[in-house]
Amino acid sequence: DVKVTQSSRYLVKRTGEKVFLECVQDMDHENMFWYRQDPGLGLRLIYFSYDVKMKEKGDIPEGYSVSREKKERFSLILESASTNQTSMYLCASSLLSTGFDTQYFGPGTRLTVL
Amino acid sequence: AQTVTQSQPEMSVQEAETVTLSCTYDTSESDYYLFWYKQPPSRQMILVIRQEAYKQQNATENRFSVNFQKAAKSFSLKISDSQLGDAAMYFCAYRGAYSGGGADGLTFGKGTHLIIQP
């Protein structure tokens, strides 16, 4: 089975801190994604990556950056956390560059910024 | 930009009954893919069913089936013989066929919370 893991289930940070959210997949998937999930808004795409060191902006990239130095690992970085970044963050991966491919999700990291 | 609309924030159904979750979408693309994902409480999101827009036949996965109406841009999910384990948030999602292929992310609806009454 595909396994996507995220470094923390719950995280509490202070405004202005630099925050790293880590995601690892164990199935040699090409594509990795970061989504943000908020009640009443569904999931929104922050960034995605289709190869090592490659990244593309999603729908809401402002205030975030990403890093993909190894194929299996995709990090989301909040350079200076703000309270409006309090949310659930979901990582996903997919094997193929076809539109029909299934995305496999991690368990999520619930981030609270105080 | 594509949009996905789920008009039912919450649905409730008796165990063993059938329930239909609604989803409509807006796109100018002719070829695309549609998905239903399930997110159980405190558990990971998983794919329930998917449909290729160029296929007229509705997808079916055991108790889950879709009613895909391309002209109406509608993609509803029917769950037959509802079980307690079906209780979850259900998200409808869209991906265009020509917008970067599978490397592009999904566009999600806001979700429908499905409650199963024992």
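**Side note on the pattern of salt bridges**
Phase 1: Following the criterion strictly, the structure yields nine salt bridges over all chains and no others.
Phase 2: In this structure, the salt-bridge partner of Arg44(A) is Asp38(A), at a minimum N-O distance of 2.8 Å.
Phase 3: Arg44(A) sits in the partly exposed class, given a relative accessible area of 27%.
Phase 4: Between Asp86(B) and Arg63(B) there is a salt bridge, and its shortest N-O distance comes to 2.8 Å. Residue Asp86(B) is found in the loop between β9 (74-79) and β10 (88-96), and its partner Arg63(B) is found in the loop between β7 (60-61) and β8 (64-69); the two are separated by 23 residues along the sequence.
Phase 5: The exposure class of Asp86(B) is buried, given its relative accessible area of 2%.
Phase 6: Beyond isolated ion pairs, a larger network of salt bridges with shared partners links Asp28(A), Glu30(A) and Lys71(A).

**Considerations on the environment of Met88(A)**
Residue and element names in this part refer to chain A.
Phase 1: Residue position: Met 88 is located in strand β9 (residues 87-94).
Phase 2: Sequence-wise, Met 88 and Gln 37 are 51 residues apart; in three dimensions their C-alpha atoms are separated by 5.1 Å.
Phase 3: Sequence-distant contacts of Met 88, defined by excluding residues within four places in its chain, comprise Tyr 35, Arg 36, Gln 37, Gly 108, Thr 109 and Arg 110.

**Considerations on the interface of chain B and chain A**
Phase 1: Taken together, the contacts link 22 residues of chain B with 26 residues of chain A.
Phase 2: Buried area between chain B and chain A, both sides added, is near 2,000 Å², and the carbon and sulfur share of it is 54%.
Phase 3: Taken together, chain B and chain A are joined by six residue pairs in polar contact (both at pLDDT 80 or more).
Phase 4: Only β5 (32-39), β6 (46-52) and β10 of chain B provide two or more residues apiece to the side of chain B that touches chain A.
Phase 5: For the side of chain B that touches chain A, the class distribution of residues is nine nonpolar, eight polar and five charged.

**Structural notes on unusual backbone geometry**
Phase 1: One non-glycine residue, Asp28(A), lies in positive phi territory at about 60 degrees.
Phase 2: Position of Asp28(A) among the secondary structure elements: in the loop between β3 (19-25) and β4 (31-38).

About the cut-offs
Residues numbered from 1 in each chain as written. Chains lettered and ligands numbered in written order. Predicted model: local features only at pLDDT ≥ 70, side-chain atom pairs only at ≥ 80, totals over all residues. Heavy atoms only, no water. Salt bridge = Lys/Arg side-chain N within 4 Å of Asp/Glu carboxyl O. Buried < 20%, exposed > 50% of the residue type's maximum accessible area, 1.4 Å probe, protein only. Helix = DSSP H or I, 4+ residues; strand = E, 2+ residues; numbered from the N terminus. Contact = heavy atoms within 4.5 Å. Buried area = accessible area lost by both parts, 1.4 Å probe. Polar contact = N/O pair within 3.5 Å; in protein donor to acceptor, adjacent residues only side chain to side chain. Nonpolar A, V, L, I, M, F, W, Y, C, P; charged D, E, K, R; others polar.

Honestly, it's all geometry; don't read function into it.
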